[in-house]
Number of protein chains: 2
Amino acid sequence: MPLTYFDHIAGTPPYPEVVETMLPYLKEHYGNPSSLHQVGKAAKVAVDQARTQVADLIGASAEEIYFTASGSEANNLAIKGVAQARQKKGRHIISSKIEHYSVLHPLKSLSRQGFEITYVPVDEQGIVDPKAVQAAIRPDTILVSIMLANNEVGAIQPIAQIGRITRDKEIYLHTDAVAAAGRIPINVAELGVDLLSLASDQFHGPQGVGALYARQGTRFLPHIEGGTQEGGKRAGSYNVAGIAGMGCAAELAGRDMPETSKKLTYLHEKLINGLEDKIGDIVITGHKSKRIPGHVSLCVKFIEGESMLLFLDMQGFAVASGSACTSLALKRSQVLEAIGIDAATANGSMVISLGKDNTAAEVDRFLEVLPPIVDRLRQMSPLYKQGS
Amino acid sequence: MPLTYFDHIAGTPPYPEVVETMLPYLKEHYGNPSSLHQVGKAAKVAVDQARTQVADLIGASAEEIYFTASGSEANNLAIKGVAQARQKKGRHIISSKIEHYSVLHPLKSLSRQGFEITYVPVDEQGIVDPKAVQAAIRPDTILVSIMLANNEVGAIQPIAQIGRITRDKEIYLHTDAVAAAGRIPINVAELGVDLLSLASDQFHGPQGVGALYARQGTRFLPHIEGGTQEGGKRAGSYNVAGIAGMGCAAELAGRDMPETSKKLTYLHEKLINGLEDKIGDIVITGHKSKRIPGHVSLCVKFIEGESMLLFLDMQGFAVASGSACTSLALKRSQVLEAIGIDAATANGSMVISLGKDNTAAEVDRFLEVLPPIVDRLRQMSPLYKQGS
């Protein structure tokens with residue numbers, strides 16, 4: 001059976017051009033960019049070019065890009081790096097209840113070290129209110145970290161409005177743009193952010209490469225300490241092939257975004273409308289229009305997302321139940337809790353994330369395949385019999 | 001001019017089989033191993049296999065391997081992770097003066113947080129005395145971190161002897177085996193280590209992948225926090241292709257080691273003898289026999305290593321002056337200082353690190369090319385005229 005990949009939020013297939021770009025750095029240009037000889041220099045040229053390509057995707061300068069091995073590492077670097085560098089100024093940080101665990105867990109660690117964290121709530125559509133951020137600001141606030149788009153419910157946050165609040169104060173604004181980059185236009189100046197996290201595998205680049213944007217002059221300490229790579233902000237030998245691949249993907253994602261975004265918005269609207277037509281007792285989570293193109297998140301009442309996922313997998317559809325990063329943990333999602341979904345409903349959560357190569361025919365087939373699976377699972381569910 | 005790569009300590013060209021192993025995970029098997037559908041599972045299978053292959057290289061079990069993005073990250077994870085997990089037991093750590101910066105800088109950070117670090121010295125050949133480690137142990141010592149082989153002077157350390165000292169005490173032993181793995185046989189049980197760091201690009205695997213071995217039951221906290229990857233010890237989406245490549249490289253390096261090691265030992269002895277014959281006023285640094293196969297380190301008096309490196313580069317030889325990780329910093333090496341090399345002599349440091357594909361003919365040509373470069377640079381050096 002041909003496989004239909006509807007799980008782009010867990011990672012996207014690299015562009016063929018990305019793989020082609022990487023190959024020479026796995027084969028003949030294997031040098032260490034820190035070396036001074038010609039083998040090292042060939043590698044350094046690739047890293048420099050990728051830095052410019054990644055910067056261009058978000059309207060930044062090349063020297064403001066720090067390569068990491070993942071979006072999670074970029075989030076750790078931003079949060080812990082700023083906290084350590086600025087703790088003499090203050091130890092209060094503002095974040096939200098719908099952040100990724102690679103923001104929430106570092107914040108929890110900082111709170112054990114005496115930092116105070118205010119988590120602003122979100123509304124039922126998963127959107128942070130900038131006024132809540134403003135109200136949470138204290139004289140000792142050093143950092144606000146709110147994601148640009150949520151991976152689980154797809155909701156796009158009003159970062160530019162928050163940026164206008166933090167801009168005139170001495171408060172850094174970090175945004176986790178991992179789920180947003182390559183999917184919606186990003187300009188760091190328009191957003192007013194000081195730090196922004198990216199992951200290559202979210203925009204058809206290789207896995208295991210990420211980047212942190214830090215506006216020039218932003219103070220943060222390194223997280224991985226050691227050699228002088230990345231201006232002393234991130235030690236560790238360069239993943240030259242991966243970085244070159246990320247650069248190529250950033251360029252192509254920027255080029256394709258207007259067209260892809262239009263197509264994916266059409267497809268996700270078609271999918272949401274079809275689901276609402278064909279399946280009763282479902283809740284589409286997240287915001288109707290402020291949503292990542294191609295992203296559909298829902299809870300199907302009276303059944304378990306896990307089971308739906310496995311049945312869909314047998315029918316050739318790869319989708320996610322909740323966040324792939326936590327799917328092995330089988331915990332209730334903090335995001336669904338934050339938007340007021342009760343635990344029973346949250347059990348039936350599913351994320352369908354379309355990508356640039358998906359088609360309307362695939363969406364149609366999905367809309368044929370899912371309803372009988374839901375029926376069948378509900379027939380087996382004691383909850384459904386009570387509820388219906 | 002054909003290039004002769006004599007800088008394997010800065011990174012090694014991947015085996016062709018490694019690149020072949022990686023390609024499917026860049027192309028068709030792009031899934032996230034944390035996903036539960038078949039695309040994710042194909043990726044998970046690759047990660048699981050690589051974990052076994054890496055474990056086999058060092059006599060460990062698969063579940064004791066934690067993948068990272070570099071040896072530096074593995075060192076950070078070991079040092080900071082153990083310090084945080086065990087600080088209630090004690091806050092004293094023993095290390096040496098010749099460690100890599102990815103050990104030394106985390107230790108410096110810990111010392112700012114109230115940890116006390118004892119740095120044991122090394123002898124003139126760059127070897128730590130196990131008795132010095134024993135003498136440094138205090139009731140509050142929680143960790144000893146001594147590298148297995150030094151990247152700058154190639155000296156192999158008596159880790160097994162140190163392991164016999166720490167084994168019966170409640171002190172963890174960590175060894176940075178980045179420069180050693182794939183070059184000398186490693187068995188974690190024989191060494192008696194609790195934690196051991198590895199980097200794929202040191203044994204003909206891809207760049208940007210590393211691993212930390214942690215004996216079952218070893219307590220350490222994660223460094224990059226977030227998702228539940230790697231048993232919650234290292235968050236961040238998997239670099240599946242890179243990990244698969246590292247696994248393949250580990251297997252091949254283990255297979256080839258007996259033959260390669262013999263050949264490289266022959267070549268480095270030939271090179272050292274040739275250098276001593278043909279160039280006056282040089283100091284071969286490190287230990288004569290306890291040396292990484294293929295590793296030659298020396299200081300050429302009265303000239304700058306930097307200039308030698310650039311002249312050699314023009315003649316088609318890629319070598320290093322000091323450590324590639326710090327070569328852009330142009331600082332005096334802490335390692336050469338520790339073995340008692342004065343600052344002027346350290347200026348002329350060079351590391352020639354041979355790899356499995358280098359030949360005796362290349363060594364011969366190097367021995368023809370270097371002496372006239374040294375002569376020419378010395379003629380230009382005011383120090384040489386005073387000294388000679």
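Keep in mind the model is a prediction, meaning the values are calculated, not measured.

Caption draft 1: Focus on the overall build of chain A. Helix and strand counts for chain A come out as 13 helices and 12 strands. Here chain A has a C-alpha radius of gyration of 21 Å; the compact-globule value for 388 residues is 21 Å, and the two agree. When the backbone C-alpha atoms are referred to their principal axes, chain A occupies close to 70 × 55 × 35 Å. In chain A, which comprises 388 residues, the share counted as buried stands at 65%. Intrachain contacts of chain A at a sequence separation of at least 6 include 74% that bridge at least 24 residues. About 14100 Å² of surface is accessible on chain A, with carbon and sulfur atoms providing 51% of the total. Looking at chain A, you have 38 positive and 41 negative side-chain charges, and the mean spots of the two groups are 5 Å apart.

Caption draft 2: Spatial organisation of the interface of chain B and chain A. In this assembly, 65 residues from chain B lie in contact with 64 residues from chain A. The interface formed by chain B and chain A holds 2 salt bridges in total. A salt bridge links Lys80(B) to Glu225(A), with the shortest nitrogen-to-oxygen separation between them at 2.9 Å. At the junction of chain B with chain A, the criterion picks out 25 residue pairs in polar contact (both at pLDDT 80 or more). The dominant element in the side of chain B that touches chain A, judged by the number of residues it contributes, is helix α4 (residues 101-112) of chain B, at 6 residues. For the side of chain B that touches chain A, a count of residues per class yields 29 nonpolar, 26 polar and 10 charged.

Caption draft 3: Inspection of the pattern of salt bridges at higher detail. Residues and elements named next belong to chain B. On inspection of all chains with the given rule, the structure shows 22 salt bridges over all chains. Residue Asp 140 pairs with Arg 138 through a salt bridge whose shortest N-O separation is 3.0 Å. Using a relative accessible area of 28% as the deciding quantity, one classes Arg 138 as partly exposed. Residues Asp 364 and Lys 270 are paired through a salt bridge, measuring 3.0 Å at the closest nitrogen-oxygen approach.

Caption draft 4: Structural context of the nonpolar core. Among the nonpolar cores identified, the biggest contains 154 residues, and Ile58(A), Leu196(A), Ile58(B) and Leu196(B) are the most heavily contacted of them. In contact with Leu196(A), other than residues within four places in its own chain, are Ile58(A), His174(A), Thr175(A), Ala177(A), Ile186(A), Val188(A), Leu191(A), Ala211(A), Leu212(A) and Tyr213(A).

Caption draft 5: The packing of helix α2 (residues 38-57) of chain A against helix α8 (residues 240-278) of chain A, seen in detail. Residue and element names in this part refer to chain A. Following both chains from N to C, one finds α2 and α8 inclined at 30°, their axes separated by 8 Å at the closest point. As the angle between them shows, α2 and α8 are arranged roughly parallel. Where α2 crosses over α8, the handedness of that crossing is left-handed. For the pair α2 and α8, the contacting residues are Ala 43, Ala 46, Val 47, Ala 50, Gln 53, Val 54 and Leu 57 in the first and Val 240, Ile 243, Ala 244, Met 246, Gly 247, Cys 248, Ala 250, Glu 251, Gly 254 and Met 257 in the second.

Caption draft 6: Geometry of the domain arrangement of chain A. Residue and element names in this part refer to chain A. Entries for chain A in the domain assignment read domain 1 (4-11 + 257-380) and domain 2 (16-252). With centres defined by C-alpha atoms, the gap from domain 1 to domain 2 works out at 27 Å. Taken together, the 30 residues of domain 1 in the interface contact 29 residues of domain 2. Summed over both partners, the interface of domain 1 with domain 2 buries about 2500 Å², with 60% contributed by carbon and sulfur atoms. A per-residue breakdown of the area domain 1 buries against domain 2 is headed by Met 257, Ile 292 and Gln 334, which together make up 25% of the total. At the junction of domain 1 and domain 2, the tally comes to 0 salt bridges. Our enumeration of links across domain 1 and domain 2 arrives at 10 residue pairs in polar contact (both at pLDDT 80 or more). Of all the elements, helix α10 (residues 334-338) adds the most residues to the side of domain 1 that touches domain 2, at 4 residues.

Caption draft 7: Expanded view of the relation of the copies chain B and chain A. With an RMSD of 0.0 Å, the operation that places chain B on chain A is a rotation of 180° combined with a shift of 0.0 Å along the axis. The relationship between the two copies is best expressed as a two-fold rotation axis. Taking C-alpha positions as reference, the residue of chain B nearest the rotation axis is Ala69(B), located at 3.1 Å. A shared interface surface links the copies, since 98% of the contact residues of chain B are contact residues in chain A too.

Caption draft 8: Examining the sheet that holds strand β3 (residues 92-96) of chain A more closely. Residue and element names in this part refer to chain A. An order of β2-β8-β7-β6-β5-β3-β4 is seen for the 7 strands of this open sheet, with the pairing classed as mixed. One side of each edge strand has no neighbouring strand; the edge strands of this open sheet are β2 (65-68) and β4 (116-120). The average angle at which neighbouring strand axes cross in this sheet is 20°, direction not considered. Sheet topology note: the β2/strand β8 (residues 210-214) ladder contains 4 bridges and is antiparallel. Along β8, the bridge assignment pairs Tyr 66 with Leu 212.

Caption draft 9: Layout of the side chain of His174(B). Take His174(B): it is sitting in strand β6 (residues 172-176). At 2.8 Å, the side chain of His174(B) and the side chain of Ser145(B) are in polar contact.

Caption draft 10: Inspection of the pairing of strand β12 (residues 349-353) of chain B at higher detail. All names here are of chain B. The element β12 is largely enclosed, with a buried count of 5 among its 5 residues. The alternating pattern of β12 places Ser 349, Val 351 and Ser 353 and Met 350 and Ile 352 on opposite faces, both of which are buried. Pairing analysis gives 5 bridges linking strand β10 (residues 295-300) to β12, with the strands arranged antiparallel. Across the sheet, His 295 pairs through a bridge with Ser 353, a residue of β12.

Caption draft 11: How the structure looks around the sheet that holds strand β8 (residues 210-214) of chain B. Residue and element names in this part refer to chain B. Read from one edge to the other, the open sheet built from 7 strands follows the order β2-β8-β7-β6-β5-β3-β4, with strand pairing classed as mixed. For this open sheet the edge positions go to β2 (65-68) and β4 (116-120), each flanked by a neighbour on one side alone. For this sheet, the mean angle separating the axes of adjacent strands, direction not counted, is 20°.

Caption draft 12: Examining the packing of aromatic side chains more closely. The final tally for this structure, using the stated rule, is 10 aromatic pairs over all chains. Seen in terms of ring centroids, Phe317(B) and Phe366(B) are 5.1 Å apart; in terms of plane orientation they differ by 80°. Their pairing is edge-to-face. One end of the pair, Phe317(B), is in strand β11 (residues 317-318); the other, Phe366(B), is in helix α12 (residues 360-379), and 49 residues separate them in sequence. No difference in accessibility class separates Phe317(B) from Phe366(B), as the two residues are buried. Ring pairs connect the aromatic residues Phe6(A), Phe317(A) and Phe366(A), which therefore count as one cluster. Just above the ring of Phe115(B) sits the side chain of Arg91(B); from NZ or CZ to the centre is 4.4 Å. When the ring centre of Phe220(B) is taken as reference, the NZ or CZ atom of Lys233(B) above it lies at 4.7 Å.

Analysis parameters
Residue numbering note: each chain is counted from 1, following its sequence as written. Numbering of ligands from 1 and lettering of chains from A proceed in the order in which they are written. Predicted model: local features are reported for residues with pLDDT of at least 70 only, side-chain atom pairs are reported and counted for 80 or more only, and whole-chain, interface and lining totals are derived from all residues. To obtain the side-chain values, all non-hydrogen atoms of the structure were used and water was disregarded. Secondary structure counts use DSSP, requiring at least four H or I residues in a row for a helix and at least two E residues in a row for a strand, with both numbered from the N terminus. Radius of gyration: C-alpha atoms only; globule rule: 2.2 Å multiplied by the number of residues to the exponent 0.38. Categorising residues by exposure relies on relative accessible area from a 1.4 Å probe, with only protein chains included: less than 20% of the type maximum marks a residue as buried, more than 50% marks it as exposed, and the intermediate range marks it as partly exposed. Whether two residues are in contact is decided by their heavy atoms, any of which lying within 4.5 Å being enough. For every accessible area listed, the method is Shrake-Rupley and the probe measures 1.4 Å; residues are considered covered only by the protein chains on display. Under the convention used here, Asp and Glu are negative, Lys and Arg are positive, and both His and the chain ends fall outside the count. Here the site of a charge means NZ on Lys, CZ on Arg, CG on Asp, or CD on Glu. One speaks of a salt bridge when a side-chain nitrogen belonging to Lys or Arg is within 4 Å of a carboxyl oxygen belonging to Asp or Glu. Under the rule applied, a polar contact is a pair of N or O atoms within 3.5 Å (in protein, one hydrogen donor and one hydrogen acceptor; residues adjacent in sequence only if both atoms are side-chain atoms). Residues were grouped as follows: Ala, Val, Leu, Ile, Met, Phe, Trp, Tyr, Cys and Pro as nonpolar; Asp, Glu, Lys and Arg as charged; and all remaining residues, including Gly, as polar. Definition used in this section: a nonpolar core is a set of buried Ala, Val, Leu, Ile, Met, Phe, Trp, Tyr and Cys residues joined via side-chain atoms within 4.5 Å. Fitted lines through C-alpha atoms give the axes, limited to the stretch in contact for helices. The angle between two N-to-C directions lies from 0 to 180 degrees. Any angle between 65 and 115 degrees counts as roughly perpendicular, while under 35 counts as roughly parallel, over 145 as roughly antiparallel, and the rest as oblique. Crossings are sorted by hand: turned counterclockwise from the far helix by less than a right angle, the near helix makes the crossing left-handed, and turned clockwise it makes it right-handed. Here the limits of each domain have been adopted from an automatic or database domain assignment. Accessible surface is computed with a 1.4 Å probe, and the buried area is the amount of it that two parts give up when combined, taken over both parts together. Superposition of the copies used a least-squares fit over C-alpha atoms from residues whose pLDDT is at least 70 in both. Any two strands between which DSSP finds at least two bridges are classified as paired. The criterion for an aromatic pair is that two Phe, Tyr or Trp rings (for Trp, the six-membered ring) have centres within 6.5 Å, with stacked assigned to planes under 30 degrees apart, edge-to-face to planes over 60 apart and tilted to the rest. In this analysis the charged atom, NZ for Lys or CZ for Arg, is taken to sit over a ring once it is within 6 Å of the ring centre and within 35 degrees of the ring normal.

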